[in-house]
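Results of the structural survey
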Amino acid sequence: PLKSSPENSRLWLEQADLAARAGDRKLALESLPRVQETKLDAQDRSRLRGIYADLGEYHSALAMLQGPLKSSPENSRLWLEQADLAAGSGDRKLALESLARVQTAKLDARERSKMRGIYANLGEYPAPLAMLQSLLKSSPDDAKLRLEQADLAARAGDRKLALESLARVRTAKLDAREVSRMRAIQASLAERQAPPAMPPSPPPPKNSPDESRSWLEQAELAARAGDRKSALESLARVQAFGRKEDRLRTAMIYQDLKMFGPELDLLRQLAKEQPSNARLFADMGVCHYLSGSTPEAIVQLKSSIKLDPDYLPAYITLGYLYTESRLHKEALDVYSAALARPPAPGQETLRKRLAEAQSLLLKR
């Protein structure tokens, strides 16, 4: 189609989007200049800005956003988008000014969550903690909100609040990734509390596996703390070692940084080398969903289940995506298929979550 219609901006936009998701930065950046913004509708313009942002080209995305902001200064979603882009570009002042414009705006739950995340990434913890406190008054048993409160409190150095929040988290309401997040918060709090029992170990020899792992751990901590620059600098050091063993953890750090193109590229490399690894296909499904491609996410999750019918996290995510898409029959089929599998040791929590999700859906 591009050969026969080289002037079609939407085709160039699609190629840029696909290239970015595939991790082909060069092709994406070559395609984007061919897109004529004036020939796009508002939705495609938003998609165009999103591609620039995914590639780390925040200044280009910010420049494109100024026109819509001038013509629709009352649009709170545009101000939220500017805050997110500004935070990504390191322009703290602009990010905070933009957030101030949406402080009292009518946003949905996902946008409010995004707003709290931007504040946290800027190190401005009081604002999102106050927003969470308000939400928890009406939903005191919401495990995900409690976990978010614990995470923010830990980052802010409020150990007491972090521990109180963790104590109120019902782990049965969390997915595997959230349970890992909870454990990371608990570990960070334990590390801060425990006094050093021994003198620090000598640094590992340069270019050793231990040095690579040390940079990887530093990248993980920086990503959790919202320090994007430090995380990327540490990842660059990790990648210089070229250790294949570090790729999966690196992919998960890219996900924390919302850099879905590089994450997907690593997951695809791993899946090509380990075509029977169900977890990799499930992780690709999550990555596609987070980057806005639910249909492709569903394809990958189905592949994961086909590879390993006993890998329950894939069923949980697939059922959730079908429910979000209002495909309730398909979601119920997924939950039924998962619960029909023979129980295995260590799956009690996952099976309970599947049963709860099925029960909630049947009541709708």
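Time to look at the overall build of the protein chain. Along the protein chain, the regular secondary structure elements total 20 helices and zero strands. Rg of the C-alpha trace for the protein chain: 22 Å, near the compact-globule value of 21 Å for 364 residues, within the 12% margin. Counting only C-alpha atoms, the protein chain reaches 60 × 50 × 50 Å along its principal axes. Burial status across the protein chain gives 41% buried among its 364 residues. Here the contacts in the protein chain between residues at least 6 apart in sequence split such that 48% fall between residues at least 24 apart. If you sum the accessible surface of the protein chain, you get close to 19900 Å²; carbon and sulfur atoms cover 53% of it. Treating the 57 positive side-chain charges of the protein chain as one cloud and the 48 negative ones as another, the clouds have centres 2 Å apart.

Next up on the list: the nonpolar core. Leu32, Leu48, Ile51, Leu85, Leu99 and Met115 are the most contacted members of the largest nonpolar core, which totals 36 residues. Those elements giving two or more residues to this core turn out to be α1 (9-21), α3 (42-54), α4 (58-71), α5 (76-89), α6 (92-101) and α7 (109-121). Leu32 has contacts with Ala16, Leu48, Ile51, Tyr52 and Leu55, leaving out every residue within four places of it along the chain. In this structure, Ala223, Met252, Phe260 and Cys287 belong to the second largest nonpolar core, which totals 24 residues.

Our focus in this paragraph is the packing of helix α14 (residues 247-256) against helix α15 (residues 260-273). In the contact formed by α14 and α15, the axes pass within 8 Å of each other and the chain directions differ by 155°. Considered as vectors, α14 and α15 are oriented roughly antiparallel to each other. Where α14 crosses over α15, the two elements pack in a sense that is left-handed. Two secondary-structure elements touch here, α14 through Arg247, Leu248, Thr250, Ala251, Met252, Tyr254 and Gln255 and α15 through Phe260, Pro262, Glu263, Leu266, Leu267, Gln269, Leu270 and Glu273. Split by residue class, the contact of α14 with α15 holds nine nonpolar, three polar and three charged.

Let's shift gears to the packing of aromatic side chains. The final tally for this structure, using the stated rule, is one aromatic pair. With a centroid separation of 6.2 Å and an interplanar angle of 90°, the aromatic rings of Tyr289 and Tyr320 are classed as edge-to-face. Of the two residues, Tyr289 is situated in helix α16 (residues 278-290) and Tyr320 in helix α18 (residues 312-324); the sequence distance between them amounts to 31 residues. Residue Tyr320 is classed as partly exposed on the basis of its relative accessible area, which comes to 38%.

Quick look at the side chain of Arg146 now. Looking at the element boundaries, Arg146 is found in helix α9 (residues 143-156). One buried charged side chain, Arg146, makes no salt bridge at all; its nearest oppositely charged neighbour is Asp141, positioned 6.4 Å away. Within the structure, Arg146 has its side chain in polar contact with the backbone oxygen of Pro140 (distance 3.2 Å). In this structure, Arg146 is in contact with Leu136, Pro140, Ser165, Arg168 and Val169, ignoring residues within four places of it in sequence.

For Lys258, which is not glycine, the phi torsion reads 60° and is therefore positive. Here Lys258 shows up in the loop between α14 and α15. Despite not being glycine, Arg326 shows a phi value in the positive range, around 65°. Note on placement: Arg326 falls in the loop between α18 and α19 (328-339).

Rules of the game
The written sequence of each chain sets the order in which its residues are numbered from 1. It should be noted that, the model being predicted, local features are given only for residues of pLDDT at least 70 and side-chain atom pairs only at 80 or more, the latter also being counted only at that level, while totals for whole chains, interfaces and linings use all residues. As a convention, hydrogens and water are excluded, and side-chain values are obtained from all of the structure's heavy atoms. Here a helix means four or more residues in a row that DSSP labels H or I, a strand means two or more in a row labelled E, and each is numbered from the N terminus. Each radius of gyration reported is based on C-alpha atoms, and the globular scaling rule is 2.2 Å times the count of residues to the power 0.38. Here the term buried applies to any residue with accessible area under 20% of the maximum for its type, exposed to any over 50%, and partly exposed to those in between, with areas from a 1.4 Å probe on protein chains only. Contacts between residues were defined by any pair of non-hydrogen atoms, one from each residue, lying within 4.5 Å. Here the open area of atoms and residues is found with the Shrake-Rupley method and a 1.4 Å probe, where only the protein chains shown may cover a residue. For the purpose of charge, His is not counted, nor are the chain termini; Lys and Arg are scored as positive and Asp and Glu as negative. Every charge is mapped onto a representative atom, which is NZ of Lys, CZ of Arg, CG of Asp or CD of Glu. By nonpolar core is meant a set of buried Ala, Val, Leu, Ile, Met, Phe, Trp, Tyr and Cys residues that side-chain atoms within 4.5 Å join together. Angles here are taken between N-to-C directions and fall from 0 to 180 degrees, while the axes themselves are lines fitted to C-alpha atoms, restricted in helices to the stretch in contact. Any angle from 65 to 115 degrees is called roughly perpendicular, while one under 35 is roughly parallel, one over 145 is roughly antiparallel, and all others are oblique. Throughout, a crossing is termed right-handed when the near helix is turned clockwise from the far one, and left-handed when it is turned anticlockwise from it by less than a right angle. By the convention adopted, Pro, Cys, Tyr, Trp, Phe, Met, Ile, Leu, Val and Ala count as nonpolar, Lys, Arg, Asp and Glu as charged, and the other residues, Gly among them, as polar. The criterion for an aromatic pair is that two Phe, Tyr or Trp rings (for Trp, the six-membered ring) have centres within 6.5 Å, with stacked assigned to planes under 30 degrees apart, edge-to-face to planes over 60 apart and tilted to the rest. Take a side-chain nitrogen of Lys or Arg and a carboxyl oxygen of Asp or Glu: if they are within 4 Å of each other, that pair is a salt bridge. Polar contacts here mean pairs of N or O atoms no more than 3.5 Å apart (in protein, one a potential hydrogen donor and the other a potential acceptor; neighbouring residues in sequence count only if both atoms are side-chain atoms).

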